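Spelled out from the first residue to the last, the chains are:
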Amino acid sequence: MRRGLLLILSSPSGAGKSTLARRLMAWDPTIRFSVSATTRAPRVGETDGREYYFRSRTDFEQMVRTGDMLEHAEVFGNFYGSPRAPVEAAMQEGRDTLFDIDWQGGQQIRNSALGRDVVSIFILPPSIAELESRLRGRAQDSDSVIADRMAKSRDEISHWAEYDYVIVNSDIDIAFAQLQTILQAERLRRDRQPDLAEFVRAMNKEFTDR
Ligand code: ADP
Ligand code: 5GP
């Protein structure tokens, strides 16, 4: 059984991470989504434990202090973090974990002991005008929240070169096909197939026994 890999998706808000993440998990239900904890308020339609664990600032800080977070960061004035235990459990079961986290979280996991298991993908919008129109089209945030997210997107985009792969999400079907290709190729890496040595040993025995 191979070790599960850690698939990190980052992008400026509105570029399409959540849409791609949802599609990927519908395509392969064995992938585990890392449900983050956050101190931000739930949006309409969000459920505690599904999109996020919505926590008070005090509870969040306690999780950080006790080492229960794989990474954490402040984004748009709220705290976000990835709980460690579900990720470690998934890896041991040979399942892949998908993270929708910002560049700060990406850096922390890449630089941690789990760094060799990371595959990181940055999603770019086709243009800044399209990014803004997607944020408005999502109709989940007020004008001031959208303005704040647009202001931060330049900073997020400046980290694109730290990622293993970059997808420009113009057409969602093409972007999704590219994401599938990346995951399929990464799963086939020799060092992610621990049973190969045994497989080839059995073949060699077959040669000998002929
Ligand atoms: P993020 O998770 O990066 O903030 P979302 O996945 O919520 O972004 O996408 C923002 C909005 O843009 C959503 O309304 C989504 O349906 C839409 N969207 C995503 N990808 C595309 C695309 N390729 N073309 C048009 N709209 C898109
Ligand atoms: P949103 O509030 O729109 O759900 O997310 C805002 C930003 O926070 C997004 O860029 C998202 O990727 C990032 N984010 C969500 N969860 C985490 C997390 O656990 N850690 C970090 N570092 N960023 C996160």
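Structure shown above.
Residues numbered from 1 in each chain as written. Chains lettered and ligands numbered in written order. Predicted model: local features only at pLDDT ≥ 70, side-chain atom pairs only at ≥ 80, totals over all residues. Heavy atoms only, no water.

1. Focus: the site of ligand 1
Lining the immediate environment of ligand 1, one finds 15 residues, of which Gly14, Ser18, Thr19, Arg138 and Asn169 sit closest. One of the backbone N or O atoms of lysine 17 is found 2.9 Å from an oxygen atom in ligand 1. Across the complex, the protein chains shield 76% of the 560 Å² of accessible surface that ligand 1 would expose by itself. Among the detected pockets, ligand 1 sits in the largest pocket. Breaking the shell around ligand 1 down by element, the ones donating at least two residues are α1 (17–27) and α5 (128–138). Along the lines of polarity and charge, the residues of the shell around ligand 1 split into 3 nonpolar, 8 polar and 4 charged. (Near = heavy atom within 4 Å. Polar contact = N/O pair within 3.5 Å; in protein donor to acceptor, adjacent residues only side chain to side chain. Areas by Shrake-Rupley, 256 points an atom, 1.4 Å probe, with all protein chains shown as cover. 1 Å grid on protein atoms, 1.4 Å probe; cavity = no way out; pocket = protein on both sides within 12 Å on 5 of 7 lines; lining within 4 Å. Sits in = over half its atoms within 2 Å of the grid points. Helix = DSSP H or I, 4+ residues; strand = E, 2+ residues; numbered from the N terminus. Nonpolar A, V, L, I, M, F, W, Y, C, P; charged D, E, K, R; others polar.)

2. Remarks on helix α3 (residues 84–92)
When α3 is considered as a whole, its buried residues turn out to be Val87, Ala90 and Met91. The buried residues of α3 occupy an angular sector of 100° when projected down its axis, which confines them to one face. Every exposed residue of α3 that faces more than 90 degrees away from the buried side is listed here: Ala85 and Gln92. Contact partners of the buried residues in α3: β1 (6–10), β2 (32–33), β5 (69–75), β6 (78–83) and β7 (97–100). (Buried < 20%, exposed > 50% of the residue type's maximum accessible area, 1.4 Å probe, protein only. Arc of directions from axis to C-beta. Contact = heavy atoms within 4.5 Å.)

3. A word on the sheet that holds strand β3 (residues 36–38)
Pairing is mixed across the open sheet formed by 4 strands, whose spatial order is β4-β3-β6-β5. In this open sheet, the two strands that pair with only one neighbour each are β4 (52–54) and β5. Direction aside, the axes of adjacent strands within the sheet are offset by 25° on average. (Pairing = 2+ DSSP bridges. Axes fitted to C-alpha atoms, helices over the stretch in contact; angles between N-to-C directions.)

4. Points about the pattern of salt bridges
The full count for this structure, using the stated rule, is 20 salt bridges. For the salt bridge of aspartate 96 with arginine 2, the shortest nitrogen-to-oxygen distance reads 2.9 Å. Remark: arginine 2 occurs in the segment before β1 and aspartate 96 occurs in the loop between α3 and β7; sequence separation between them is 94 residues. Of the charged contacts in the structure, one is a salt bridge between arginine 50 and glutamate 51, with a shortest N-O distance of 3.0 Å. By relative accessible area, arginine 50 is classed as partly exposed at 49%. On the accessibility criterion, glutamate 51 (25% relative accessible area) is partly exposed. Ionic contacts of the salt-bridge type, sharing partners, join the residues Arg2, Asp28, Asp96 and Arg187 into one network. (Salt bridge = Lys/Arg side-chain N within 4 Å of Asp/Glu carboxyl O.)

5. A few points about the layout of surface pockets
Within this model, the largest pocket holds a volume of roughly 1200 Å³. Taken together, 48 residues line the largest pocket, and the ones lying closest to its centre are Lys17, Ser18, Tyr52, Asp100 and Arg138. Looking at the lining of the largest pocket, the elements with two or more residues in it are α1, β5, β6, α4 (103–110), α5 and α6 (143–157). The dominant element in the lining of the largest pocket, judged by the number of residues it contributes, is α1, at 6 residues. (Points joined across faces, edges and corners; volume = space filled by probe spheres on them.)

6. What about the site of ligand 2?
Residues in contact with ligand 2 amount to 17 residues; listed here are only the nearest, Ser36, Arg40, Tyr52, Tyr80 and Arg149. At 3.2 Å, a backbone N or O of glycine 81 approaches an oxygen atom of ligand 2. Residue aspartate 100 places a side-chain N or O atom 2.8 Å away from an oxygen atom belonging to ligand 2. With the chains in place, 95% of the 510 Å² that ligand 2 exposes on its own is no longer accessible. More than half of the atoms belonging to ligand 2 lie within 2 Å of the grid points that define the largest pocket.

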